[in-house]
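Below are the chains, spelled out letter by letter.
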Amino acid sequence: MPELDGARPPRTADLRRLQEAAAQCQGCELYRDATQTVFGSGPATADLFVVGEQPGDREDRAGEPFVGPAGQLLDRALREAGFDRAHLYLTNAVKHFKFVRAERGKRRLHQKPGRAEVRACRPWLEAELRAVQPRLILALGATAAQALLGPAFKLTAHRGEPIASDELVPAVIATVHPSAVLRAPDRDVAYRAFLADLTAARSALD
Ligand code: URA
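The present account deals with the structure reproduced in this document. If you're wondering where the values come from, they're calculated on a predicted model, not measured in any experiment.

Take the packing of aromatic side chains next. The tally for this structure, following the rule as stated, stands at two aromatic pairs. Between Phe49 and Tyr89 the ring centres are 5.1 Å apart and the planes differ by 20°, which places this aromatic pair in the stacked class. Taken together, the residues Phe49 in strand S1 (residues 48-52) and Tyr89 in strand S2 (residues 89-92) connect sequence positions 40 residues apart. For the pair formed by Phe49 and Tyr89, the shared burial category is buried. Over the face of the ring belonging to Tyr191 we find Arg76, whose NZ or CZ atom lies 4.0 Å from the ring centre. The residue whose ring lies beneath Arg108 is Phe99, and the NZ or CZ to ring-centre distance is 4.8 Å.

Laid out in structure tokens, this is it:
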């Protein structure tokens, strides 16, 4: 894929400057249809760095990560696991909403980002990691986990396990995406397993 304009973050650890630069990014085609870049949110002092897949419809409109239904479930589980969202950094592997329009009608249906889009967005994720230097990363879903741990990573085999990584990513715990909990046939069972993984993340920081 040819590299498009604005794909390189400036060399700074200032999250606000990174966010301003990311707003201009045209590193892949997704900027064309999305409303805006949804950059990460949270303090540079965060110990826990949470990575999702990509903004959804609500996040695309609001310009903030995890403000829709999946975000509400995530908030509840984070709270129950003993985290305060105000002290965490939340972001996504891909920072523009990828969607198709439903036939007849205005509804925008989420589409999973491809490897090329994850790769194109990776410099922004790295810049956020350099700025925050968290102690632990919580990867939500296979796209986020594979963006951080490589495409061979198997979420089903290693969810909830602390995994040592390179110097940019000291340790990662991967779990399912909260939208998978919302879609699960037995939501209570899926929620309890999700909460157990977040509780493992809390314990890893103690
Ligand atoms: N799903 C994600 O992965 N990220 C968001 O910000 C919202 C929904």
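By size, the foremost hydrophobic cluster in this structure holds 34 residues, and its most contacted members are Phe49, Val51, Ile137 and Leu148. Of the residues forming this core, the biggest block, nine residues, is contributed by helix H4 (residues 115-132). Ignoring any residue separated from it by four or fewer positions in sequence, one finds Leu148 in contact with Val51, Arg122, Leu125, Leu129, Ile137, Ala139, Ser165 and Val169. Among the nonpolar cores identified, the runner-up in size contains 26 residues, and Val50, Phe66, Leu73 and Phe83 belong to it.

This part takes up the site of the ligand. As a matter of local geometry, the ligand sits amid Gly52, Glu53, Gln54, Pro55, Gly56, Glu59, Pro65, Phe66, Asn92 and His177. Here an oxygen atom of the ligand and a backbone polar atom of Glu53 are 2.8 Å apart. The separation between a nitrogen atom of the ligand and a polar main-chain atom of Gln54 is 3.0 Å. Looking at side-chain class alone, the shell around the ligand contains three nonpolar, five polar and two charged residues.

Next up on the list: the pairing of S2. Judged by which residues are buried, S2 turns out to be covered on both faces: Tyr89 and Thr91 on one side and Leu90 and Asn92 on the other are all buried. Note that S1 and S2 share four bridges and pair parallel. Looking at the pairing, Val51 lines up with Thr91 of S2.

Right, let's get into the packing of helix H3 (residues 69-80) against helix H8 (residues 187-205). As a packed pair, H3 and H8 sit with axes 9 Å apart at the nearest point and diverge in direction by 55°. Looking at the two axes, H3 sits oblique to H8. The two elements H3 and H8 meet at a crossing, and its hand is right-handed. Side by side, H3 and H8 meet where Leu73, Leu74, Arg76, Ala77, Leu78 and Glu80 of the first sit next to Tyr191, Phe194, Leu195 and Leu198 of the second. Partitioned by chemical class, the residues of the contact of H3 with H8 number eight nonpolar, no polar and two charged.

Once that is clear, we can look at the sheet that holds S2. Here we have five strands laid out as an open sheet, ordered S2-S1-S5-S7-S6, and mixed in their pairing. The sheet terminates laterally at S2 and strand S6 (163-164), the two strands that pair on one side only. Direction of pairing for S1 relative to strand S5 (residues 136-140): parallel, over a ladder of four bridges. Along S5, the bridge assignment pairs Phe49 with Ile137.

So, how was this worked out
- Residues numbered from 1 in each chain as written.
- Predicted model: local features only at pLDDT ≥ 70, side-chain atom pairs only at ≥ 80, totals over all residues.
- Heavy atoms only, no water.
- Phe/Tyr/Trp six-rings, centres within 6.5 Å; stacked < 30°, edge-to-face > 60°.
- Helix = DSSP H or I, 4+ residues; strand = E, 2+ residues; numbered from the N terminus.
- Buried < 20%, exposed > 50% of the residue type's maximum accessible area, 1.4 Å probe, protein only.
- Lys NZ or Arg CZ within 6 Å of the ring centre and 35° of its normal.
- Core = buried A, V, L, I, M, F, W, Y, C linked by side-chain atoms within 4.5 Å.
- Contact = heavy atoms within 4.5 Å.
- Near = heavy atom within 4 Å.
- Polar contact = N/O pair within 3.5 Å; in protein donor to acceptor, adjacent residues only side chain to side chain.
- Nonpolar A, V, L, I, M, F, W, Y, C, P; charged D, E, K, R; others polar.
- Pairing = 2+ DSSP bridges.
- Axes fitted to C-alpha atoms, helices over the stretch in contact; angles between N-to-C directions.
- Parallel < 35°, antiparallel > 145°, perpendicular 65-115°, else oblique.
- Left-handed = near helix turned anticlockwise from the far one by under 90°.

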